[in-house]
Amino acid sequence: MSNSSDNYPLDNQNNSDNTEPSNNIENSVSEIDLKYKNKTEVAKGGILGLFIGLAVIVPGVSGSAVAIIFKMYEKLLYAIGNIFKKFKKCFKFLFPVLLGVVGGFVLGFFGVQALLNIIPFIIICLFAGLMFGAYPAVTDQIKGTKPNAKYMTLFIIGLIIPILISVISVYGNVAQQVLNNLKFYHYIIFVFIGFLIAITQLVPGLSATALLMSFGYFTPLMNSVSLTNFKENPTIFIVYACLIVGFVIGLLTTSKGLSYMLNRHKTSTFYCISGLSLGSIVTMFFNPEVMSIYSSWGAGGSMLCDIIVGIIVFIVGIVLSYLFVRYER
């Protein structure tokens, strides 16, 4: 199987940040080949979308981190950012991803969410192991570069951001919001939240779930998807529409911004992404959902069994994803 990593060279090691002349940026981006070479690459696009869909449900899961593993991150950014300019080319690339997103969201909502209600800590450990085992794929992007004060500062900032969001969601005493009897300004807020969710889908390490929890909207939105609620509160569809509008705007603007950063400051960007990715793994064990699990242990839950099985599946997840990273290398 051919490796597409040659299309995404690391920064020149003699140049600390691989800054290119501005008039070469569009040319370098336009050279990205979005064609799938074989069915395996199409399947990767679907799997990538699957993890993007799951990321909305499972705290800490990052679809964009999977894109880095598959060597599809810059392709994904380019396809989203140029969907209107080069619709046919970009849509062909994005179609398997979109199918995966739908499948991932459905699987996450009806499958993973159900498992999270039965064996929550074990499922979280499995996904955390998968993300931790894949972490070397992110650090591969900065391998060979010499850390300096600037790079380490960006790494630390990236590490702190997802942890800070989790701290706010856990200790911020954010009340659960309601989705009925809304005022006009609420719909503006939902557009903004949709915009932020789009950022979490494109920036590795940021969690849409943790973000929604910090605003107090995660549980209300998850519970809103029911026929009963649709009949009792039809204005929920306006909420969904506002979220979608903000999400689309966020995808288009963020993809353009990230493509620019990767073309001008690739090493710096990936140092920050490395911090974000590591921080997101930490937050999988520190968020309102998992804190409720810890509380149940104190109330007589099966703590020992959960921890033992959790450690086992965590290790299994690490091994499986790391073997896949090795295979991709």
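Parameters at a glance
Residues numbered from 1 in each chain as written. Predicted model: local features only at pLDDT ≥ 70, side-chain atom pairs only at ≥ 80, totals over all residues. Heavy atoms only, no water. Core = buried A, V, L, I, M, F, W, Y, C linked by side-chain atoms within 4.5 Å. Buried < 20%, exposed > 50% of the residue type's maximum accessible area, 1.4 Å probe, protein only. Helix = DSSP H or I, 4+ residues; strand = E, 2+ residues; numbered from the N terminus. Contact = heavy atoms within 4.5 Å. Phe/Tyr/Trp six-rings, centres within 6.5 Å; stacked < 30°, edge-to-face > 60°. Expected span 1.5 Å × (residues − 1). Patch = residues over 30% accessible without salt bridge, like charges linked within 9 Å, V, L, I, M, F, W, Y side chains within 5 Å. Areas by Shrake-Rupley, 256 points an atom, 1.4 Å probe, with all protein chains shown as cover. Salt bridge = Lys/Arg side-chain N within 4 Å of Asp/Glu carboxyl O. Lys, Arg positive; Asp, Glu negative; His and termini not counted. Charge placed at Lys NZ, Arg CZ, Asp CG, Glu CD. pLDDT = per-residue confidence, 0-100. Axes fitted to C-alpha atoms, helices over the stretch in contact; angles between N-to-C directions. Parallel < 35°, antiparallel > 145°, perpendicular 65-115°, else oblique. Left-handed = near helix turned anticlockwise from the far one by under 90°. Nonpolar A, V, L, I, M, F, W, Y, C, P; charged D, E, K, R; others polar.

## A look at the nonpolar core
A general feature of soluble globular proteins is that nonpolar side chains tend to end up buried together. Counting residues in each nonpolar core, the largest one holds 85 residues, and the members touching the most others are Leu48, Tyr73, Leu76 and Phe190. Examining the composition of this core, we find that 12 residues originate from one element, helix 6 (residues 120-139), more than from any other. Leu76 has contacts with Leu48, Ile52, Ala67, Phe93, Leu94, Val97 and Leu202, leaving out every residue within four places of it along the chain.

## Re the packing of aromatic side chains
If you walk through the whole model with that rule in mind, you get 18 aromatic pairs. Both rings, one in Tyr73 and one in Phe270, keep their centres 6.5 Å apart while their planes meet at 65°; by these two values the pair is edge-to-face. A residue pair is termed long-range when its members are at least 10 positions apart, and Tyr73 in helix 4 (residues 73-81) and Phe270 in helix 13 (residues 266-283) qualify at 197 residues. When sorted by exposure, Tyr73 lands in the same class as Phe270, which is buried. Between Phe132 and Phe314, the aromatic rings sit 6.3 Å apart at their centres with planes inclined by 25°, giving stacked as the arrangement. Of this pair, Phe132 sits in helix 6 while Phe314 is found in helix 15 (residues 303-328), placing the two residues 182 residues apart along the sequence. Given a relative accessible area of 37%, Phe132 falls into the partly exposed group. A residue is classified by how much of its surface remains accessible, and Phe314, at 23% relative accessible area, is partly exposed. Among the aromatic residues, those joined into a ring-pair cluster are Phe121, Phe132, Phe285, Tyr294, Trp297 and Phe314.

## Quick look at unusual backbone geometry
Generally, phi is negative for residues other than glycine and the peptide bonds are trans, each holding for most cases. Backbone geometry places Lys71, a non-glycine residue, at a positive phi of 60°. Along the polypeptide, Lys71 turns up in the loop between helix 3 (63-69) and helix 4. For Asn181, which is not a glycine, the phi torsion comes out positive at approximately 55°. By secondary structure assignment, the location of Asn181 is in the loop between helix 7 (149-171) and helix 8 (184-202). Given the relative accessible area of 72%, Asn181 is considered exposed.

## Looking at the environment of Phe132
As for Phe132 and Leu278, which are separated by 146 residues in sequence, their C-alpha atoms are 7.7 Å apart. Not counting chain neighbours up to four residues away, the residues in contact with Phe132 comprise Leu278, Ile281, Phe314 and Ile318.

## Examining helix 15
Three or four residues apart is the spacing at which side chains of an α-helix point the same way, because the helix has 3.6 residues per turn. Here helix 15 is 26 residues long and its end C-alpha atoms lie 37 Å apart, about the 38 Å a rise of 1.5 Å per residue gives. Considered for burial, the residues of helix 15 that qualify are Asp306, Gly310, Val313, Gly317, Ser321, Val325 and Glu328. Where helix 15 is buried, its residues touch helix 2 (39-55), helix 3, helix 6 and helix 14 (288-298).

## What to know about a positive patch on the surface
On the surface, Lys35, Lys88, Lys89 and Lys92 cluster together to form a positively charged patch. Positionally, Lys89 belongs in helix 5 (residues 87-118). Using a relative accessible area of 33% as the deciding quantity, one classes Lys89 as partly exposed.

## Observations regarding the confidence of the model for the protein
Across the protein, the average pLDDT comes to 82, with 88% of residues at 70 or higher. Of all the helices and strands in the protein, helix 1 (residues 25-30) carries the lowest mean pLDDT, 43, while helix 12 (residues 236-264) carries the highest, 92. This stretch, residues 19-30, has a pLDDT under 50; its non-local contacts, to residues over four places away or in other chains, come to 16 contacts.

## Side note on the packing of helix 7 against helix 9 (residues 208-215)
Relative orientation and spacing of two packed helices are given, respectively, by the angle between their axes and the distance between those axes. Packing of helix 7 against helix 9 brings their axes to within 8 Å, and their N-to-C directions diverge by 40°. In terms of axis orientation, helix 7 runs oblique to helix 9. For the pair helix 7 and helix 9, the sense of crossing is left-handed. For the pair helix 7 and helix 9, the contacting residues are Ile165, Ser166, Ile168 and Ser169 in the first and Ala210, Leu211, Met213 and Ser214 in the second. Of the residues in the contact of helix 7 with helix 9, the class split is five nonpolar, three polar and no charged.

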